[in-house]
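# A closer look at the structure
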Amino acid sequence: MAFVLSLLMALGLVSYGPGGSLGCDLSQNHVLVGRKNLRLLGQMRRLSPLFCLQDRKDFAFPQEMVEGGQLQEAQAFSVLHEMLQQSLSLFHTECSSAAWDATLLVQLRNGLHQQLDDLDACLGQVTGEEDSALGRTGPTLAVKRYFQGIRVYLQEKEYSDCAWEIVRVKMMRALS
């Protein structure tokens, strides 16, 4: 989540910079909700990751493609939106409902939804007509592939507790 938070802060600085160049008000609350989501993911831990070492997998998060400094403003918003959307989708499945504490899961879903709603307002202002093209190229496509790898892994592991624990840890890293 640190990566997402640093990306959000960079977007916030651009948004609030001289003249508000993005014409977008990405609130401080958006960053606070992101931090809360990270805490919730931490609280969702049910197993020690050490217990699940045999299930470890490198999903190859495309860090170099999604680094905040390497992206244009519109790309950064698009990548962050895709990461939040894919995270929400992952934790909004029937299989995820069986794996996690229901209260924490609902809070996480609500937090991700709130971040997406905040970002949606900015995304339209920043990307305009570019939006559809941004979703099919470069960094945004790399994020989609990353999450597809997670979904395939969960299926292969039959949504086991250890598989979900590995995914939870990876999600914490990806969102940080």
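Residues numbered from 1 in each chain as written. Predicted model: local features only at pLDDT ≥ 70, side-chain atom pairs only at ≥ 80, totals over all residues. Heavy atoms only, no water.

## Observations regarding the nonpolar core
Counting residues in each nonpolar core, the largest one holds 38 residues, and the members touching the most others are Met44, Phe91, Ile150, Leu154, Trp164, Val167 and Met171. Counting only elements with at least two residues in this core, the list comes to α2 (28-43), α4 (73-90), α6 (102-127), α8 (138-156) and α9 (161-174). Looking at this core element by element, the count peaks at eight residues for α6. Once residues lying within four places of it in the same chain are set aside, the contact partners of Met171 are Leu41, Ser87, Leu90, Phe91, Phe147 and Ile150. (Core = buried A, V, L, I, M, F, W, Y, C linked by side-chain atoms within 4.5 Å. Buried < 20%, exposed > 50% of the residue type's maximum accessible area, 1.4 Å probe, protein only. Helix = DSSP H or I, 4+ residues; strand = E, 2+ residues; numbered from the N terminus. Contact = heavy atoms within 4.5 Å.)

## Some details on the packing of aromatic side chains
Within this structure, the stated rule accounts for seven aromatic pairs. On the basis of an interplanar angle of 55° and a centroid distance of 6.5 Å, the ring pair of Phe91 and Trp100 is categorised as tilted. Each member of the pair Phe91 and Trp100 is classed as buried. What links up through ring pairs into an aromatic cluster is the set Phe59, Tyr146, Phe147 and Tyr153. (Phe/Tyr/Trp six-rings, centres within 6.5 Å; stacked < 30°, edge-to-face > 60°.)

## Points about the state of the cysteines
Under the criterion given, the structure shown has one disulfide. A sulfur-sulfur separation of 2.2 Å characterises the disulfide bridge that pairs Cys52 with Cys162. Here Cys52 and Cys162 share a disulfide; its torsion about the S-S bond, -75°, makes the bridge left-handed. With Cys52 in the loop between α2 and α3 (63-66) and Cys162 in helix α9, the pair connects residues that are 110 residues apart, well separated along the chain. Using a relative accessible area of 0% as the deciding quantity, one classes Cys52 as buried. (Disulfide = S-S within 2.5 Å.)

## Details of the side chain of Arg109
Topologically, Arg109 is positioned in helix α6. Setting aside its immediate chain neighbours within four residues, Arg109 contacts Leu88, Phe91, His92, Thr93, Ser96 and Ser97.

Bear in mind that shape data such as this cannot, by itself, settle questions of function.
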